[in-house]
Amino acid sequence: MTKTPIELLRESAPATRPVIALSEGQDPRIVAGALAAHKADLADVILVGPQAEVEAALQAEGASASDGVAIHDPATSDLTEEFENLYYELRKHKGVDLAKARAVAETQLAYAAMLVRTGRATGTVGGAVHTTGDVVRTAIQIIGMAPNAGMISSFFLMYPPENAQPGARAMLYSDCGLVIDPSSAELAKIASASAASARALLRTEPKIAMLSFSTKGSAKHPVVNKVIEATDTLRADAPDLQVDGELQFDAAFVPSVGERKSPGSDVAGQANVMIFPNLDAGNISYKITQRIGGYSAIGPVMQGLAQPANDLSRGCSADDVTQIIAVTILQAQTN
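Computed from a prediction, not measured in an experiment: that's the story for all the values here. (Residues numbered from 1 in each chain as written. Predicted model: local features only at pLDDT ≥ 70, side-chain atom pairs only at ≥ 80, totals over all residues. Heavy atoms only, no water.)

## Examining helix 4 (residues 80–91)
Counted at 1.5 Å a residue, the expected span for helix 4 with its twelve residues is 16 Å, and the 16 Å between its end C-alpha atoms agrees. Those residues of helix 4 lying buried are Thr80, Phe83, Glu84, Tyr87 and Arg91. Taken down its axis, helix 4 places every buried residue within 105 degrees of arc, on the same side. Looking at the packing, one finds that the buried side of helix 4 touches helix 5 (98–105), helix 6 (108–117) and helix 7 (132–142). (Helix = DSSP H or I, 4+ residues; strand = E, 2+ residues; numbered from the N terminus. Expected span 1.5 Å × (residues − 1). Buried < 20%, exposed > 50% of the residue type's maximum accessible area, 1.4 Å probe, protein only. Arc of directions from axis to C-beta. Contact = heavy atoms within 4.5 Å.)

The structure is reproduced here in structure tokens:
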């Protein structure tokens, strides 16, 4: 069975101790998840937030700031002035003045992202309180995109339950949390980035299914054409990847159906990277897989950034926080 991110980290700890900045350090779930990550020896953590509130949240967990668990209050930190000046340099072409830069530098999301940009943290995690839009916007503005990434997208890691039916497997679903209606070119970029993420986080060779309500011409529609065009683009841009499309989910997942609907395919019936045609399909599908299929869902995980920054669902649990911390560290190792 595919190992979870925490299991992978326990097997091969990074040579340099990772530091993860958590931008909502006063939230009880963030504190509990961060303490669990530190106790599991995954990383040192920085809890970003108002000093008194973070201390109270730590105290509620029977803990306090100590070696490996630090508190940074942007309102009083010695680093805030440096981050103000850096943000000004990054955004002055957009009309940002020093007063605006100071206000941004004192926000928890921006401060945590600045810790990553300046090398003081390995990656950052937020979204338990803030919206996905706020988390992503801050990461793009401060951390920036990776060279040649072209776009930012997201994915979920899906792990089957212990009592899963034969054929169940760990998979990567994309995009389920960010890009609403990708063009065919964007869909190809999402698939390419997802292949790299599957190698890094599932430690498996990606078999990419470009999903649709049609399999190999069984239906005709412009939205089907988009998936076909994306498949052709991906094959041209990355001929080494195993990819098939357009495929319905059953043709991508079930070997007998895949053989019948796409005979001779090295992906149909065996896919482990599922690329959805739009956010409706992706978001609905991961929640059905999680809630009815019993799969564990880790994410949304962002891909395409220069350094790791990840979003949490506002309904996240402390365990979700710990898992995303592990994912963030693995992404940093890959980068």
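Now that the structure has been shown, we can carry on.
## A closer look at the pattern of salt bridges
In total, this model carries 13 salt bridges according to the counting rule given. Two residues, glutamate 82 and arginine 120, come together in a salt bridge whose shortest N-O distance is 3.0 Å. Of this pair, glutamate 82 sits in helix 4 while arginine 120 is found in the loop between helix 6 and strand 4 (123–126), placing the two residues 38 residues apart along the sequence. Of the charged contacts, one joins arginine 137 and aspartate 134 as a salt bridge, the two residues approaching to 2.9 Å between their closest N and O atoms. Taken as a pair, arginine 137 and aspartate 134 lie in helix 7 at a separation of three residues, close to a single helical turn. (Salt bridge = Lys/Arg side-chain N within 4 Å of Asp/Glu carboxyl O.)

## A word on helix 9 (residues 222–237)
If you check helix 9, its first and last C-alpha atoms are 22 Å apart, about what 16 residues at 1.5 Å a residue would give, namely 22 Å. Those residues of helix 9 that fall on the buried side of the exposure criterion are Val224, Lys226, Val227, Ala230, Thr231 and Leu234. Along helix 9, the residues classed as buried sweep out an arc of 155 degrees about the axis, all on the same side. The exposed set on the far side of helix 9, more than 90 degrees from its buried face, consists of Pro222 and Ala236. Those residues of helix 9 hidden inside the fold are in contact with helix 8 (184–201), strand 7 (207–211) and strand 8 (242–247).

## Structural notes on the state of the cysteines
Within this structure, the stated rule accounts for zero disulfides. Left without a disulfide partner, cysteine 176 is nearest to the cysteine sulfur of cysteine 316, which lies 17 Å away. (Disulfide = S-S within 2.5 Å.)

## A few points about unusual backbone geometry
Here glycine 245 and glutamate 246 are connected by a cis peptide whose omega angle stands at -5 degrees. Secondary-structure assignment places glutamate 246 in strand 8. The peptide bond linking glycine 299 to proline 300 adopts the cis configuration, its omega dihedral lying at 5 degrees. Counting through the fold element by element, proline 300 comes out in strand 10 (residues 296–303). Phi is positive for arginine 203, close to 55 degrees, though the residue is something other than glycine. With respect to the element layout, arginine 203 can be found in the loop between helix 8 and strand 7. Assessed through its relative accessible area of 46%, arginine 203 is described here as partly exposed.

## Points about the packing of helix 4 against helix 6
Between helix 4 and helix 6, the shortest axis-to-axis distance is 10 Å and the interhelical angle comes to 85 degrees. Regarding the angle of helix 4 to helix 6, the classification is roughly perpendicular. Facing helix 4, whose interface residues are Thr80, Phe83, Leu86, Tyr87 and Leu90, helix 6 presents Tyr111, Met114, Leu115 and Arg117. (Axes fitted to C-alpha atoms, helices over the stretch in contact; angles between N-to-C directions. Parallel < 35°, antiparallel > 145°, perpendicular 65-115°, else oblique.)

Limitation: the analysis is restricted to geometry and does not speak to function.
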